[in-house]
Amino acid sequence: MEPFYFVFAVVIFEVFLLLRTAAVVPQQSAYVVESLGRYNRTLDAGFHIVVPFWERIAYRHNLKEQAMDIPEQVCITKDNVQVGVDGVLYMQVLDARLASYGITNYQFAIIQLAQTTLRSEIGKIDLDRTFEERATINSHVVSELDKASASWGVKVLRYEIKNINPPADILHAMEKQMRAEREKRAVVLTSEGERDAKINQAEGEKQRVIKESEANRQLQMNQAEGQSAAILAVATATAEGLRRVGEALSGRGGMEAMQLRVAEEYVKQFGTLASEANSTLVIPANLSDIAGMIAMATSVVKSQAASK
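What counts, and where the lines are drawn
Residues numbered from 1 in each chain as written. Predicted model: local features only at pLDDT ≥ 70, side-chain atom pairs only at ≥ 80, totals over all residues. Heavy atoms only, no water. Core = buried A, V, L, I, M, F, W, Y, C linked by side-chain atoms within 4.5 Å. Buried < 20%, exposed > 50% of the residue type's maximum accessible area, 1.4 Å probe, protein only. Helix = DSSP H or I, 4+ residues; strand = E, 2+ residues; numbered from the N terminus. Pairing = 2+ DSSP bridges. Axes fitted to C-alpha atoms, helices over the stretch in contact; angles between N-to-C directions. Contact = heavy atoms within 4.5 Å. Expected span 1.5 Å × (residues − 1). Arc of directions from axis to C-beta. Phe/Tyr/Trp six-rings, centres within 6.5 Å; stacked < 30°, edge-to-face > 60°. Lys NZ or Arg CZ within 6 Å of the ring centre and 35° of its normal. Polar contact = N/O pair within 3.5 Å; in protein donor to acceptor, adjacent residues only side chain to side chain. Salt bridge = Lys/Arg side-chain N within 4 Å of Asp/Glu carboxyl O.

Would you mind going over the nonpolar core with me for this structure?
Soluble globular proteins tend to bury their nonpolar side chains together. Ranked by size, the top nonpolar core spans 34 residues in total, and within it Val83, Leu89, Tyr106, Ile110, Leu118 and Tyr159 carry the most contacts. For this core, the secondary-structure elements that each account for two or more residues are β2 (29-35), β6 (66-76), β7 (82-93), α2 (96-101), α3 (106-122), α5 (134-149) and β8 (154-165). At 7 residues, the largest contribution of residues to this core is made by α3. Formed by 7 residues, the second largest nonpolar core is a distinct cluster that contains Ala23, Val25, Tyr31 and Leu43.

Given below as structure tokens:
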């Protein structure tokens, strides 16, 4: 039985040496190897041999991007309002040696530095601006943390504020202010709408009056042109009639016909006057007066025809 125990002990010892000797580093990881308590080398991803009892793996670091929750803390704004602010920080280990020997616990240090930097940035602005200046605050925090963590072999990639929680009374006051602003905007929009409606109505009335005046002017112009054309037509017709009468009088037998026409018209009008009731007529005692009147009218017509 003693040889069996001896072989078993040798196998156990060899397995122990193999475990202490062989080192398999996962992808996106880095192991820091110390030799007799001093830094020796950094192992990258892959299979490595470590000298037992002489070398040991002292630190194991994850080189992936890490997200760390920044606990909520009370910050005081520039206008002396206390707000609770929390966030999340994204970082990555770039140098495993500096991350091992540059600081005891880089994660704890970065969290504390992020909180102090955030309190400083919040204290520079008023409460109303904290909600709209998140991007600026985040960039300032990342800039300050990146400067401090450079000596720790850590790169701070970004910082994001998750929540900004003002006190209950401040929230109530902000809700009142927001409600008042909305009511104010509603009143302003209503008044502007009424003003625009009145302006549009006045503009429409103005256009209507202008159109009506233009229509009246055009109507008057058309009527005037029509009357002018009518007067011109009447005058033209009268002139043409007179010209033809004159031509007829200057022709053969024209004067005799004219005398006959005048006599007929005289007799006709005389008969009309005599037929009307309550009419008093003065009849010439001498019929030759009638012939004289006709002769006078005839001589006037002759003189007019001779002048033409």
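How do you make sense of the sheet that holds β6 when you look at a structure like this?
Adjacent strands of a sheet pair through backbone hydrogen bonds, lying either parallel or antiparallel. A sheet is described by the order of its strands in space; here 3 strands give the open sequence β6-β7-β8, paired in antiparallel fashion. Every other strand in the sheet has two partners, leaving β6 and β8 as the edge strands with one partner each. Adjacent strand axes in the sheet meet at a mean angle of 25 degrees when their direction is disregarded. Looking at chain direction, β7 and β8 are connected through 10 bridges and run antiparallel. In the strand pairing of β8, Tyr90 is matched with Arg158. Across the sheet, α3 lies against β6, β7 and β8, angled at about 40 degrees from β6, the strand it touches most. Contacting β7 and β8, α5 crosses the sheet at an angle of about 145 degrees to β8.

I'm lost on α5 in this one. Help?
Structural remark: α-helix, 3.6 residues per turn; residues separated by three or four positions point the same way. Over its 16 residues, α5 extends 22 Å from the first C-alpha to the last, a length consistent with the 22 Å expected when each residue adds 1.5 Å. Among the residues of α5, Ile137, Asn138, Val141, Val142, Leu145 and Ser149 are the ones counted as buried. Buried residues in α5, looked at end-on, bunch into an arc of 130 degrees, giving them a common side. Exposed side of α5, more than 90 degrees from the buried face: Ala135 and Lys147 are the residues found there. Of the surrounding elements, those touching the buried residues of α5 are β7, α3, α4 (127-130) and β8.

What is the right way to read the sheet that holds strand β5 (residues 55-62) from this model?
Taken together, 3 strands build an open sheet; the order of strands is β3-β2-β5 and the sheet is antiparallel. Strand pairing shows two members of the sheet lacking a second neighbour, β3 (38-43) and β5, which therefore form its edges. Each strand axis lies, on average, 25 degrees off the axis of its neighbour in the sheet, ignoring direction. Across 5 bridges, β2 lies against β3 in antiparallel orientation. Opposite Tyr31, over in β3, you have Leu43 as the bridge partner.

Looking at this model, I keep getting lost on the packing of aromatic side chains. Mind explaining?
The description of an aromatic ring pair uses the distance of the two centres, along with the angle that the planes make with each other. Evaluated as defined, the whole model comprises 2 aromatic pairs. Look at Tyr39 and Tyr101: their rings are 6.0 Å apart centre to centre, the planes differ by 80 degrees, and that puts the pair in the edge-to-face class. Remark: Tyr101 occurs in helix α2 and Tyr39 occurs in strand β3; sequence separation between them is 62 residues. Ring geometry for Tyr59 versus Tyr101: centroids 5.5 Å apart, planes at 80 degrees, classification edge-to-face. Residue Tyr59 is found in strand β5, and its partner Tyr101 is found in helix α2; the two are separated by 42 residues along the sequence. The class for Tyr59 is partly exposed, based on a relative accessible area of 32%. By relative accessible area, Tyr101 is classed as partly exposed at 36%. Put simply, the rings of Tyr39, Tyr59 and Tyr101 touch in pairs and so form one group of aromatic residues. The ring of Tyr31 carries the charged tip of Arg60 above its face, separated from the ring centre by 4.9 Å.

Would you mind showing me how to read α3 here?
Between its first and last C-alpha atoms α3 spans 24 Å; for 17 residues at 1.5 Å apiece the expected length is 24 Å, and the two agree. When α3 is considered as a whole, its buried residues turn out to be Tyr106, Ala109, Ile110, Ile111, Ala114, Gln115, Thr117, Leu118, Glu121 and Ile122. Of the residues that open α3, the one with a side-chain oxygen 3.2 Å from the backbone nitrogen of Gln107 is Asn105.

What should I look at first to understand the pattern of salt bridges in this one?
Two side chains with opposite charge may pair up if their charged atoms get near one another. Tallying each qualifying case throughout the model produces 10 salt bridges. A salt bridge links Glu65 to Arg158; the shortest N-O distance between them is 3.1 Å. Separated by 93 residues along the polypeptide, Glu65 in the loop between β5 and β6 and Arg158 in strand β8 bring together distant segments of the chain. Classification of Arg158 by relative accessible area gives partly exposed; the value is 37%. Arg195 is paired through a salt bridge with Asp196; the nearest N and O atoms lie 3.6 Å apart. Asp196 gets classed as partly exposed once you look at its relative accessible area, which sits at 34%. Within this structure, Glu205, Arg208 and Glu212 form a network of salt bridges that share partners.

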